[in-house]
Amino acid sequence: MQVQQALNKLVTLRNELVKRFVQRENEITAVLAGLLSSEPTILVSPPGTAKTKLVETLSRMIDAKYFYYLLTRFTEPDELLGPLDIRALREGVYKRITTGRLPEADIVFLDEIFKASSAVRNLLLDIILNKRYLNGTEYKELPLIAFYSASNEISTDAEDQAFYDRLTIRCFHRYV
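A brief structural summary. Residue positions are given per chain, counted from 1 along the sequence in the order it is written. Per-residue local features of the predicted model are confined to residues with pLDDT of at least 70, and side-chain atom pairs are confined, for both listing and counting, to 80 or more; whole-chain, interface and lining totals are unaffected and use all residues. To get the side-chain values, take all heavy atoms of the structure and skip hydrogens and water.

### Focus on the pairing of strand S2 (residues 66-70)
Move 1: Residues Phe-67 and Tyr-69 point to one face of S2 and are all buried, whereas Tyr-66, Tyr-68 and Leu-70, pointing to the other face, are not buried.
Move 2: In the sheet, S2 pairs with strand S3 (residues 107-111) via five bridges, with the strands oriented parallel. The residue of S3 that forms the bridge with Phe-67 is Val-108. A 1.4 Å probe rolled over the protein chains alone gives each residue an accessible area, and that area as a share of the maximum for its type sets the label: buried under 20%, exposed over 50%, partly exposed in between. Secondary structure elements follow DSSP: runs of H or I no shorter than four residues count as helices, runs of E no shorter than two count as strands, and numbering proceeds from the N terminus. By this definition, two strands are paired if DSSP reports at least two bridges between them.

### So, the packing of helix H2 (residues 25-37) against helix H3 (residues 51-61)
Move 1: Helix axes use the C-alpha atoms of the stretch in contact, all axes being lines fitted to C-alpha atoms, and the angles between their N-to-C directions lie in the range 0 to 180 degrees. Where H2 meets H3, the closest approach of the two axes is 11 Å, and the angle between their N-to-C directions is 50°. By the angle between their directions, the pair H2 and H3 is classed as oblique. The interaxial crossing formed by H2 with H3 has right-handed handedness. Here H2 contributes Glu-27, Ile-28, Val-31, Leu-32 and Leu-35 to the contact with H3, which in turn contributes Leu-54, Val-55 and Leu-58.
Move 2: Classification convention: Asp, Glu, Lys, Arg as charged; Ala, Val, Leu, Ile, Met, Phe, Trp, Tyr, Cys, Pro as nonpolar; all other residues, Gly among them, as polar. By residue class, the composition of the contact of H2 with H3 is seven nonpolar, no polar and one charged. Angular relationships are summarised with four words: roughly parallel below 35 degrees, roughly antiparallel beyond 145, roughly perpendicular across 65 to 115, and oblique for the angles in between. A clockwise turn of the near helix away from the far one marks a right-handed crossing, whereas an anticlockwise turn of less than a right angle marks a left-handed crossing. Two residues form a contact once any of their heavy atoms are found within 4.5 Å.

### Some remarks on the sheet that holds S2
Move 1: With parallel pairing, five strands are arranged side by side in an open sheet as S2-S3-S6-S1-S7. Each edge of the open sheet is held by one strand with a lone partner, namely S2 and strand S7 (169-172). On average, each strand axis in the sheet is inclined to that of its neighbour by 15°, with strand direction left out of account.
Move 2: Bridge count for strand S1 (residues 41-44) against strand S6 (residues 146-151) is four bridges, and the pairing is parallel. Bridging across to S6, Val-44 finds its partner in Ser-151.

### Observations regarding the environment of Ala-119
Move 1: Inspection of the secondary structure puts Ala-119 in helix H6 (residues 118-130).
Move 2: With a relative accessible area of 41%, Ala-119 lands in the partly exposed category.
Move 3: When the C-alpha positions of Ala-119 and Gly-92 are compared, they lie 24 Å apart, and in sequence the two are 27 residues distant.

### Some words on the nonpolar core
Move 1: Take the buried residues of types Ala, Val, Leu, Ile, Met, Phe, Trp, Tyr and Cys, join any two whose side-chain atoms come within 4.5 Å, and each joined set is a nonpolar core. Among the nonpolar cores identified, the biggest contains 27 residues, and Leu-71, Leu-80, Leu-110, Ile-113, Leu-124, Ile-127 and Phe-147 are the most heavily contacted of them.
Move 2: Those elements giving two or more residues to this core turn out to be S1, S2, helix H4 (77-81), S3, H6 and helix H7 (158-165).
Move 3: The element best represented in this core is H6, accounting for six residues.
Move 4: Setting aside residues no more than four positions away along its own chain, Phe-147 makes contact with Glu-39, Pro-40, Thr-41, Val-108, Leu-110, Ile-113, Leu-124, Ile-128 and Leu-167.
Move 5: In this structure, Leu-35, Leu-43, Phe-109 and Tyr-148 belong to the second largest nonpolar core, which totals 20 residues.

### Things to note about empty space enclosed by the protein
Over the atoms, a rolling probe the size of a water molecule traces out where space has been left empty.
Move 1: Definitions used for this entry: grid spacing 1 Å over protein atoms alone; cavity, a set of points where a 1.4 Å probe fits but cannot get out; pocket, an open set with protein on both sides within 12 Å along at least 5 of 7 lines; lining residue, one with an atom within 4 Å of a point. Grid points are joined across faces, edges and corners, and a volume is the space filled by probe spheres set on the points. Enumeration over the complete set of coordinates arrives at one cavity of 30 Å³ or more.
Move 2: By volume, the largest cavity amounts to about 50 Å³.
Move 3: Along its surface, the largest cavity is lined by Ser-38, Glu-39, Pro-40, Ile-127, Ile-128, Lys-131, Leu-144, Ile-145, Ala-146 and Phe-147.
Move 4: Partitioning the lining of the largest cavity into residue classes produces seven nonpolar, one polar and two charged.

### Observations concerning the environment of Glu-56
Move 1: By the element assignment, Glu-56 lies in helix H3.
Move 2: Overall, Glu-56 belongs to the partly exposed group, its relative accessible area being 26%.
Move 3: For the pair Glu-56 and Asp-157, spaced 101 residues apart in sequence, the C-alpha to C-alpha distance is 29 Å.

### A look at the packing of aromatic side chains
Move 1: Think of it this way: a Phe, Tyr or Trp ring, Trp meaning its six-membered ring, pairs with another when their centres are within 6.5 Å, and the plane angle makes it stacked under 30 degrees, edge-to-face over 60, tilted otherwise. Tallying each qualifying case throughout the model produces three aromatic pairs.
Move 2: Pairing Tyr-68 with Phe-109 gives two aromatic rings, centres 5.7 Å apart and planes at 20°, and the pair type is stacked. Highlighted residues: Tyr-68 in strand S2 and Phe-109 in strand S3, separated in sequence by 41 residues.
Move 3: To sit over a ring, a charge needs its Lys NZ or Arg CZ within 6 Å of the ring centre and within 35 degrees of the ring normal. Across the ring face of Tyr-164, the terminal group of Arg-170 is positioned such that the distance to the ring centre comes to 4.0 Å.

It is worth stressing that arrangement in space is one thing and function is another; only the former is reported here.
What follows is the structure, given as structure tokens:
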């Protein structure tokens, strides 16, 4: 009975998304597959094709804590994980203030993923592979149920290949 209820909820969720996003059935399927499997998902398409809106809407519909960030080559790990706790640092403890940041999110959506600095990409590899991050001297588990990313194009940089390989669900689309 529980399985049937879960399937009914999934069908209802998919139908609601299909109503809201015209001709985006493949993208909806990819996003839901990422949610169900906890596999990292990348949406690749030109600007203005509702990538962000789709993931944001899904997060709201399932009442998930959502974290969105537009990455650039200047993005620092602190912008994603939260700043250092200065009070704790004065006491010799290195830890972050994670309120409202990636470590507290159920669903993460990082836009322009291939524009991230190598420091951010290295940090994200551990997050994607192990669902954890280093906070001071210890690893903290993440409540992450889905990791989404987006890009307008796939990077041809060899340094990005290992990162791209870990984005196992890939959806390519164009304008409607």
